[in-house]
Amino acid sequence: RPDEDRHLDMHVDECDVTFNFGLCNPDSFKGSDLAFCGMFGSPEHRKHLHTYAHVKGRCVLHSGKRRHGALNVEEGERASLIMWTKSPAFRQTATYQRRWGNQAVIKPESGTPDRVCLSYTHDRDFHKLRQTLGDATGVMPEPKM
């Protein structure tokens, strides 16, 4: 709701696969689209890839390592059912360890980040980049008075 839980800052999930089910009719709310950016650890992790508008009864499936967030709810109320899954067997593979595990090497970022992909919670350079890139709807909550 716009007056309570307005948005969800950009983040990655602590899981392997995320299922996000839309539970309400799209005409019962405005805004709150899901913005998807690059994969954790990749040079493009703060590059915008896609914005998805929820549809009742549909499920968005994505890697838990994909940076994502919910933009501001502007009107009404949106409800979702989120399921997070982990696979201990997958996490023991060489591929997982090389990309996200103990052997992971975080690659330097390429280019200027896209504003919608910035996180005020997780990006140490948020305030510096905010001055350069400006504010964007759905990225940082307005201060409560």
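Up top is the structure these notes are about.
Structure report, in brief. (Residues numbered from 1 in each chain as written. Predicted model: local features only at pLDDT ≥ 70, side-chain atom pairs only at ≥ 80, totals over all residues. Heavy atoms only, no water.)

In this section: the overall build of the chain. The secondary structure content of the chain amounts to three helices and nine strands. Ordered by position in the sequence, the α and β elements of the chain form the string β-β-β-β-β-β-β-β-β-α-α-α. Looking at the 145 residues of the chain, the share that counts as buried comes to 36%. In the chain, the proportion of contacts linking residues at least 24 apart, taken out of those at least 6 apart, comes to 77%. (Helix = DSSP H or I, 4+ residues; strand = E, 2+ residues; numbered from the N terminus. Buried < 20%, exposed > 50% of the residue type's maximum accessible area, 1.4 Å probe, protein only. Contact = heavy atoms within 4.5 Å.)

Moving on, we get to the sheet that holds strand β2 (residues 17-22). A sheet is described by the order of its strands in space; here three strands give the open sequence β6-β2-β9, paired in antiparallel fashion. Here the strands that pair on one side only, and so sit at the sheet edges, are β6 (59-63) and β9 (80-85). For this sheet the average axis-to-axis angle between neighbouring strands, irrespective of direction, equals 15 degrees. Where β2 meets β6, five bridges bridge the pair, whose relative direction is antiparallel. Looking at the pairing, Phe21 lines up with Cys59 of β6. (Pairing = 2+ DSSP bridges. Axes fitted to C-alpha atoms, helices over the stretch in contact; angles between N-to-C directions.)

Glancing now at the sheet that holds strand β5 (residues 48-52). Each strand in a sheet pairs with another by means of backbone hydrogen bonds, the pair being arranged parallel or else antiparallel. Within the open sheet, the four strands sit side by side as β1-β7-β4-β5. Their pairing is antiparallel. Across the chains shown, the open sheet's two edge strands, defined by having one partner strand only, are β1 (8-11) and β5. For this sheet, the mean angle separating the axes of adjacent strands, direction not counted, is 15 degrees. Examined bridge by bridge, β1 and strand β7 (residues 66-70) share two bridges and lie antiparallel to one another.

Attention now goes to the state of the cysteines. Summed over all chains, the structure comprises one disulfide. Each sulfur of the disulfide joining Cys37 and Cys117 lies 1.9 Å from the other. Taking the torsion about the sulfur-sulfur bond, which here is approximately -90 degrees, the covalent link between Cys37 and Cys117 counts as left-handed. Highlighted residues: Cys37 in strand β4 (residues 34-39) and Cys117 in the loop between α2 (94-99) and α3 (126-133), separated in sequence by 80 residues. For the residue pair Cys37 and Cys117, the accessibility class agrees, reading buried in each case. (Disulfide = S-S within 2.5 Å.)

This part covers the environment of Met39. Along the polypeptide, Met39 turns up in strand β4. Separated by 28 residues in sequence, Met39 and Arg67 have C-alpha atoms that sit 6.0 Å apart. Excluding residues within four positions of it along the chain, Met39 makes contact with His45, Ser63, Lys65, Arg66 and Trp100.

Looking now at the environment of Asn20. Along the chain, Asn20 turns up in strand β2. Put simply, Asn20 and Leu81 are 61 residues apart on the chain and 5.8 Å apart in space, counted from C-alpha to C-alpha. Excluding anything up to four places from it in sequence, Asn20 contacts Leu34, His54, Arg58, Cys59, Val60, Ser80, Leu81 and Ile82. Here His54 takes part through its side chain, which lies 3.4 Å from a polar atom of the side chain of Asn20. (Polar contact = N/O pair within 3.5 Å; in protein donor to acceptor, adjacent residues only side chain to side chain.)

What is shown is where atoms sit, not what they do.
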